[in-house]
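# Observations on chain architecture
Take a look at the letters that make up each chain.
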Amino acid sequence: MSTPVIPPPKKVNRIGLEVLHYKGSKTTLCAGCGHNSVSERIIECFYELGVSPFDVAKFSGIGCSSKSPAYFLGLSHGFNGVHGRMPAIATGAILANRTLMGVGVTGDGDTASIGIGQFMHLVRRNMPMIYIIENNGVYGLTKGQFSATADIGSTLKGGTPNDLPPFDCCALALKWGATFVARSFSGDKRQLQAVLKTAIAHNGLSVIDVISPCVTFNDHDGSTKSYSYMKEHESVLHELDFVPFYEDLSVEIPEGEVMDVTMHDGSHLRIRKVDKDFDPTDRFGALAALEAAEAKGEVLTGVLYVNTSKPTFLELLNLSDDPVATLPESKVRPSREVLEQVMEELR
Amino acid sequence: MSTLEVSPVEPLSGRPDHSVINDFSIQVATVNGSGSQTANTVLMRSIFQMGIPVSGKNMFPSNIAGLPTWFTIRASKHGYIGRRKEIDFLVAMNPETAREDVMKLDSGAAVVYDEPLKLKELRSDLHFYPVPFDKLVAPVCPEAKLRKLVRNMIYDGIVAWLLSIEMEEVHKALVKQFGKRKAKAADLNWGAARAGFDYAAKTFTKTDPYRVERMNETAGKVIIDGNAACALGSMFAGVTVVTWYPITPSSSLVESLIAYMKRFRIDPESGKATYAIVQAEDELASIGMALGAGWAGARSMTATAGPGISLMSEFIGLGYYAEIPAVIFDVERVGPSTGLPTRTAQGDILKNAVLSHGDTRHPMFFPCSPEECFTMAIDAFDFAEQFQTPVFVMTDLDLGMNNWMADPFPYPEKPIRRGKVLTAEDLENLGGFARYRDVDGDGVGYRTLPGTHHPAAAYFTRGSGHNDKAQYTEREDDYINNMERLSHKFEVMRKHVPEPAVNIASGARIGFIAAGTSDYAVRESCDQLRAEYEIEASYLRLKAYPFTPHVVDFIRRHDRVYVVDQNRDAQLLGLMRLEFDPEIIAKLRSVRYFGGLPLDARTVTDEVVKQEGK
């Protein structure tokens, strides 16, 4: 008589879902692509924090990065839009249903070229959503042209140098109104997790610029967005710990060394300072730090800025708490008397 | 003595030998930004309040202040409210254009003018009434800086005396125009109107034949512009997300909507807005937001004009393929860039029908009046959600920005129809769904909204490369199947779009087909053809594209059918050429007007007469 095999209990998160429920379809991106690491971090973070995938909406534009929303959160609705105009689609969808957690994934072509206008206006509106830039300095899907985030002097695979200075998407986001701005590296699992989890907890626009190397077109010696370049030039601002709202803050923090930021949902971001002078609530200090790092040839990563008090666009619009998309007819069609009143005014 | 001149110094004794009652056009020529709009609106409203059918057309430049502008008021006892080419009564206030304006008049017209312009020297076959506006305005408007604005109200008083417009109606119209909050401004303007009236009464002897007489043809009617009517329709359709970018002549559509929504769509319990209206950064964004909102289940809309439509082209193609409802108000106007953005046209018909790349077809609704702006806006929102596709509501500058006499709008009796949307409960019962599968045979799949709490709810939206489960595919058969279903869906729309209004004239060999504001000119032209040339003409007014079978039936019934287009390239006719059989196309003739002014009946009549060889 054999002993029946009892399957080990399935590991579930606080809302009873398995990690499997946070996965998407199989990636079609290149093996080793940084974007796949970002997708994995998204899966982990949403699973670990127990975010309901039914309340998430995924958005993207056009490019390799924009394909990736198909590869995570398969139980969430997704919208692969047109090039550079993901912010508009996401804005419209969130206006329609403000209870959705918007996750936008774009590339540097999407954000820094065709879509820079929409990006800047999303920033200006502080539209509450997560905006991830998978930044590899190159157009992958059209086979290796420079993007507008390519550093001056970096080269294409064939050796052609880039003559123009890059847009720093974090600096743009800082200057014009995003309330959570971070830069990370697809190869830094721990940091990217903490950044993503903070973005999930944040009420406002989170801009996360992830250096995400393109193994096919931009991982060579002339590149400044390669794995090896990042290993040599990344300058980590601080160590990050994310403590979700449903966990106890049991450990006392020694004063002065760790900065504790309480997020909108009651979670905490703990920032253990490496560089003593850096204050992530000082927008212009962050801009100065980016400038200084660029001058030194370093890529600054970490949380550049967090502001938990600025109103979002939805608050400025005085938008109904219930999704306007599904308000009943009684709330959206004024009465017969209203029409009669208006007609009388026009007589 | 051949002159018809009248001067206050030397009044002529001639009295008009006949009267023209309630059937003439007044043109007021002023400088843009001089406050003439108030005076013109009051004048038009006063005639309206006397029960006389009236219409107003503002021909204004793309400019804030300083360039010439003309406002034409037509009073018509027959109820013709289209533009009339001939001007009977000119108010010449603009030194820049006064001479040309006078020279263009037909013999026998009357001219009220600013005395220093010395216009009466120009012609001897007109009735001239010189008015010293500056002398009259000073005593009634002590504040010198306001005089420029108040000055125009003087001609209201002058014209009222000359045309027998009752001053009580002028006063009533003024009060309405300024509202209770601006009583002081109303008083000031009333003083100016009175001064004009008194001056005319004291000074002039009327020699022209034009005057009004009270009728009872406007009781219960309203005065409204088409843009405001579209806005009201949208509000009563239950629009929830409005995204736009300012462009003439559509801006006032959303501006009206903002004003109405603030009054009537704030939830009384929560004090919060039951809608979002967002001025986007450009048209690329405004349509993107509208589609994002439509995808997430909102009743969404945008309003724009031709150049904005061009920018929206790519997104609208995606809306077609991804099958997302949205309503796009296109207030058509002339040309791109700095051109004639303040002149009317119907120049987007062909473009919108097939807008974007790949194979695309889009439904268009063509309202011709404020009432239809209201009812078709409501229909368009239902239609967009029923067929899950962008829908154009095609108006034009003439309809959108001019004031029209209209019947009061009917309250929508049918409940709002949200189309095929599956809830979590539906999914539980069905076990799942395929987003783009034609379950009901109408080509329209079922959709779910993001935020639906069910494991089977989610799907991934993208362009043309999807199978019926919304999965990515580049397979030939999947692509063809999807394209054919979309084509079938468009055929089904044919049975659901608003049907044309058809008037078959007894014994008519010829007919007209027109859409939108061409209606007024065509109806009047039918009467002109009958009265002046004994030509009977039938008339089919299109209310929508795709064309319904009525159109071909109508063409078959007639020897020749004149398709009226307010564009150079006969776009409406061109659209028919794309789908009708050769023997049908062979019967079509074209009447085109593209000068930027609202179409008038005489232009239509002359062209038909020419082509008929009469």
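These remarks concern the structure in this document. (Residues numbered from 1 in each chain as written. Chains lettered and ligands numbered in written order. Predicted model: local features only at pLDDT ≥ 70, side-chain atom pairs only at ≥ 80, totals over all residues. Heavy atoms only, no water.)

### A short note on the side chain of Thr 218 of chain B
All names here are of chain B. As a reminder of what qualifies: Secondary structure elements follow DSSP: runs of H or I of four or more residues count as helices, runs of E of two or more count as strands, with numbering from the N terminus. Relative accessibility under 20% of the residue-type maximum defines a buried residue, over 50% an exposed one, and the middle range a partly exposed one, all with a 1.4 Å probe and only protein chains included. Definition of a polar contact: a pair of N or O atoms within 3.5 Å, with one able to donate and the other able to accept a hydrogen when the atoms are protein atoms, and with sequence-neighbouring residues admitted only if both atoms are side-chain atoms. The contact criterion used throughout is that any non-hydrogen atoms of two residues lie within 4.5 Å.
By secondary structure assignment, the location of Thr 218 is in the loop between β8 (210-211) and β9 (222-225). On the basis of relative accessibility, which here comes to 7%, the residue Thr 218 falls in the buried class. Polar contacts involving the side chain of Thr 218 include one to the main-chain carbonyl oxygen of Phe 48, which spans 2.7 Å. What Thr 218 contacts, discounting residues up to four positions off in sequence, is Phe 48, Gly 51, Ile 52, Pro 53 and Met 405.

### A look at the sheet that holds strand β2 (residues 77-80) of chain A
The following threshold applies: Criterion used throughout: strands pair if DSSP finds at least two bridges between them.
Spatially, β9(A)-β13(A)-β7(A)-β8(A)-β4(A)-β3(A)-β1(A)-β2(A)-β17(B) is the arrangement adopted by the 9 strands of the open sheet, whose pairing is mixed. A strand with exactly one partner marks an edge of an open sheet, and here the two such strands are β9 (234-236) of chain A together with β17 (460-461) of chain B.

### Details of helix α1 (residues 34-48) of chain A
Residues and elements named next belong to chain A. For the record, the criterion: Expected span of a helix, by definition, is 1.5 Å for each gap between consecutive residues, and there is one gap fewer than residues.
With 15 residues, α1 extends 21 Å between its outermost C-alpha atoms, agreeing within 8% with the 21 Å of an ideal straight helix rising 1.5 Å per residue. Taken across its 15 residues, α1 has 13 buried, putting it largely inside the fold. Positioned one or two residues after α1, Gly 50 has a phi angle of 65°, which is positive.

### Quick word on the state of the cysteines
Residues and elements named next belong to chain B. Here is the rule: Our working definition of a disulfide is a cysteine sulfur pair at a distance within 2.5 Å.
Tallied over the entire structure, the rule returns 0 disulfides over all chains. Cys 230 supplies the cysteine sulfur nearest to Cys 373, a cysteine that is in no disulfide, at a spacing of 3.7 Å. With a relative accessible area of 0%, Cys 373 lands in the buried category.

### Observations regarding the pairing of strand β6 (residues 110-114) of chain B
Residue and element names in this part refer to chain B. Rule in force here: Look down the strands so they point away from you; if going from the first strand over the helix to the second traces a clockwise path, that crossover is right-handed.
Across the 5 residues of β6, 5 count as buried, placing the element largely inside the fold. Across the two faces of β6 the burial is the same, with Ala 110, Val 112 and Asp 114 and Val 111 and Tyr 113 all buried. Looking at chain direction, strand β5 (residues 89-92) and β6 are connected through 4 bridges and run parallel. Paired with Val 91 across the strands is Val 112, a residue of β6. For the crossover that starts at β5, traverses helix α2 (residues 98-104) and ends in the parallel β6, the hand is right-handed. Across 5 bridges, the pairing between β6 and strand β7 (residues 127-131) is parallel. Across the sheet, residue Asp 114 finds its bridge partner in β7, namely Val 131.

### Remarks on the interface of chain B and chain A
Spelled out, the test is: Summed over both partners, the accessible surface that disappears when two parts come together, traced with a 1.4 Å probe, is what is meant by buried area. Take a side-chain nitrogen of Lys or Arg and a carboxyl oxygen of Asp or Glu: if they are within 4 Å of each other, that pair is a salt bridge.
Across the boundary between the two partners, chain B contributes 73 residues, which contact 57 residues of chain A. Summed over both sides, the interface of chain B with chain A buries roughly 5,400 Å², with 63% coming from carbon and sulfur. For chain B, the biggest contributors to the area lost against chain A are Glu 281, Tyr 411 and Phe 460 of chain B; these three give 12% of the whole. Our enumeration of links across chain B and chain A arrives at 7 salt bridges. Between Glu 413 of chain B and Arg 336 of chain A there is a salt bridge, and its shortest N-O distance comes to 3.1 Å. Linking chain B with chain A are 29 residue pairs in polar contact (both at pLDDT 80 or more). Tallying contributions element by element places helix α9 (residues 283-295) of chain B first for the side of chain B that touches chain A, with 7 residues.

### Focus on the packing of helix α5 (residues 167-178) of chain B against helix α6 (residues 183-203) of chain B
Residues and elements named next belong to chain B. Note the following rule: In this analysis an axis means a line fitted to C-alpha atoms, helices contributing only their contacting stretch, and an angle means the value between N-to-C directions, from 0 to 180 degrees. Orientation categories follow fixed angle ranges, with anything under 35 degrees roughly parallel, anything over 145 roughly antiparallel, 65 to 115 roughly perpendicular, and all other angles oblique. Left-handed is the label given to a crossing in which the near helix is rotated counterclockwise from the far helix by less than a right angle, and right-handed is the label when the rotation is clockwise. Note that Gly is not counted as nonpolar here; it falls among the polar residues with everything else outside the nonpolar set of Ala, Val, Leu, Ile, Met, Phe, Trp, Tyr, Cys and Pro and the charged set of Asp, Glu, Lys and Arg.
One can describe the packing of α5 onto α6 by two numbers: an axis separation of 9 Å at closest approach and a directional angle of 155°. In terms of orientation, α5 lies roughly antiparallel with respect to α6. The hand of the α5/α6 crossing is right-handed. Between α5, through Met 167, Val 170, His 171, Leu 174 and Phe 178, and α6, the contact on the second element is made entirely by Ala 185, Ala 186, Asn 189, Trp 190, Ala 193, Arg 194 and Phe 197. For the contact of α5 with α6, a count of residues per class yields 9 nonpolar, 2 polar and 1 charged.

### Looking at the nonpolar core
Under the convention used in this document: Take the buried Ala, Val, Leu, Ile, Met, Phe, Trp, Tyr and Cys residues and link them wherever side-chain atoms come within 4.5 Å; each set so joined is a nonpolar core.
One finds Phe 119 of chain A together with Phe 89, Ile 165, Leu 232, Phe 329, Ile 513 and Met 576 of chain B to be the most contacted residues of the largest nonpolar core, which totals 214 residues. In terms of residue count, helix α12 (residues 370-387) of chain B provides more of this core than any other element does, 10 residues in total. Every residue in contact with Phe 119 of chain A, bar those within four places of it in the chain, is listed here: Pro 87, Thr 111, Tyr 131, Ile 133, Cys 169, Leu 172, Ala 173 and Val 207 of chain A. Counting 37 residues, the second largest nonpolar core, distinct from the first, contains Phe 72, Phe 180, Ala 182 and Val 261 of chain A.

### Structural notes on unusual backbone geometry
Residues and elements named next belong to chain B. With an omega dihedral of 5°, the bond running from Thr 248 to Pro 249 counts as a cis peptide bond. Residue placement: Pro 249 occurs in the loop between β10 (241-244) and α8 (251-264). With an omega of 10°, the peptide bond between Tyr 545 and Pro 546 qualifies as cis. For Pro 546, the location among the structural elements is in the loop between β21 (544-545) and α17 (549-557).

### Things to note about the packing of aromatic side chains
Defined as follows: Here a pair means two rings of Phe, Tyr or Trp (six-membered ring of Trp) with centres within 6.5 Å. Their orientation is stacked below 30 degrees between planes, edge-to-face above 60, and tilted elsewhere. Criterion for a charge above a ring: Arg CZ or Lys NZ at most 6 Å from the ring centre, at most 35 degrees from the ring normal.
Evaluation of the coordinates by the stated rule reveals 22 aromatic pairs over all chains. Pairing Phe 245 of chain A with Tyr 246 of chain A gives two aromatic rings, centres 5.2 Å apart and planes at 90°, and the pair type is edge-to-face. Residue classification places Phe 245 of chain A among the partly exposed residues on the basis of a relative accessible area of 40%. The structure contains a cluster of three or more aromatic residues connected by ring pairs, namely Phe 236, Phe 374, Phe 409 and Tyr 411 of chain B. Between Arg 125 of chain A and the ring centre of Phe 313 of chain A, over which it is positioned, the NZ or CZ distance is 5.7 Å.

### Quick look at the side chain of Asp 565 of chain B
Residues and elements named next belong to chain B. To keep things clear, this is the line we draw: His residues and chain termini do not enter the charge count, which takes Lys and Arg as positive and Asp and Glu as negative.
Locating Asp 565 in the fold gives a position in strand β22 (residues 560-565). There is no salt bridge for the buried Asp 565, and the closest opposite charge comes from Arg 592, which lies 7.3 Å off by N-O distance. Looking at Asp 565, its side chain comes within polar contact range of the main-chain nitrogen of Gln 571, at 3.3 Å. A polar contact is formed between the side chain of Asp 565 and the backbone nitrogen of Leu 572, at a distance of 2.8 Å. With near-sequence residues (within four places) excluded, Asp 565 lies in contact with Ile 349, Ala 570, Gln 571, Leu 572, Leu 573, Val 591, Arg 592 and Tyr 593.

### Quick notes on the packing of helix α3 (residues 86-96) of chain A against α9 of chain B
In contact at an axis separation of 6 Å, α3 of chain A and α9 of chain B are set at 45° when each is read in the N-to-C sense. Judged by the inter-axis angle, α3 of chain A sits oblique to α9 of chain B. Relative to α9 of chain B, the crossing made by α3 of chain A is right-handed. Along its contact with α3 of chain A, which presents Ala 88, Ile 89, Thr 91, Gly 92, Ala 93 and Ala 96 of chain A, the element α9 of chain B presents Ala 285, Gly 288, Met 289, Gly 292, Ala 293 and Trp 295 of chain B. Of the residues assigned to the contact of α3 of chain A with α9 of chain B, the class counts are 8 nonpolar, 4 polar and no charged.

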